[in-house]
Amino acid sequence: MLQALSKELKDIKDRIDIIRATRAERLKDMWFDNQDVMQTLHISQRTLQTLRTNGTIPYSKIRGKFYYKVSDIEKLLQDNYYNPNFKCDGNK
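What comes next is a walk through the structure. (Residues numbered from 1 in each chain as written. Predicted model: local features only at pLDDT ≥ 70, side-chain atom pairs only at ≥ 80, totals over all residues. Heavy atoms only, no water.)

1. Description of helix 3 (residues 45–53)
At step 1: Along helix 3, the residues classified as buried are Leu-48, Leu-51 and Arg-52. Axial view of helix 3: buried residues confined to an arc of 100 degrees, hence all on one face. Exposed positions of helix 3 whose direction lies more than 90 degrees from the buried face are Arg-46 and Thr-53.
At step 2: Its buried side turned inward, helix 3 meets helix 2 (34–41) and strand 3 (65–69).
At step 3: Backbone geometry just downstream of helix 3 places Gly-55 in the positive-phi region, at approximately 80 degrees. (Buried < 20%, exposed > 50% of the residue type's maximum accessible area, 1.4 Å probe, protein only. Helix = DSSP H or I, 4+ residues; strand = E, 2+ residues; numbered from the N terminus. Arc of directions from axis to C-beta. Contact = heavy atoms within 4.5 Å.)

Right, dumping it as structure tokens:
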């Protein structure tokens, strides 16, 4: 009985992992507008404009409205990730 319960829990965990992975993949294909990006990054409209102007963040512009790929925002955050506990070569 304990083994059956353990197997059921593992199956539930596997299903949750699949749902999370699927959701993450769908999110990467989504586009954010200015408001979404400003709220996500906690930045002002002027800062976002600066990021566009200096080429830090890629964008699309349709009829005066800007859109950004979620995957590009994620890449920007990952590329600027800083952990003070590690040296540049990745060693402590």
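2. Quick word on the pairing of strand 3
At step 1: The alternating pattern of strand 3 places Phe-66 and Tyr-68 on a buried face and Lys-65, Tyr-67 and Lys-69 on a face that is not buried.
At step 2: Where strand 1 (residues 31–33) and strand 3 come together, three bridges link them in antiparallel fashion. Bridged to Asp-33 within strand 3 is Tyr-67.
At step 3: Two elements, strand 2 (residues 60–62) and strand 3, share three bridges in a ladder whose sense is antiparallel. When the sheet's bridge partners are listed, Ser-60 is paired in strand 3 with Tyr-67.
At step 4: Following strand 2, the chain reverses through two residues before pairing antiparallel with strand 3; Arg-63 in that reversal takes a positive phi of roughly 50 degrees. (Pairing = 2+ DSSP bridges.)

3. Points about the pattern of salt bridges
At step 1: This model, assessed by the stated rule, comprises four salt bridges.
At step 2: Of the charged contacts, one joins Asp-11 and Lys-7 as a salt bridge, the two residues approaching to 3.5 Å between their closest N and O atoms. Highlighted residues: Asp-11 and Lys-7, both in helix 1 (residues 2–28), separated by four residues, approximately one helical turn.
At step 3: Taking relative accessible area as the criterion, Asp-11 reaches 29% and is therefore assigned partly exposed.
At step 4: Between Lys-75 and Asp-79 there is a salt bridge, and its shortest N-O distance comes to 2.6 Å. Pair noted here: Lys-75 and Asp-79 are both in helix 4 (residues 70–79), with a separation of four residues, about one helical turn.
At step 5: The exposure class assigned to Lys-75 is partly exposed, which follows from its relative accessible area of 49%.
At step 6: With a relative accessible area of 51%, Asp-79 lands in the exposed category. (Salt bridge = Lys/Arg side-chain N within 4 Å of Asp/Glu carboxyl O.)

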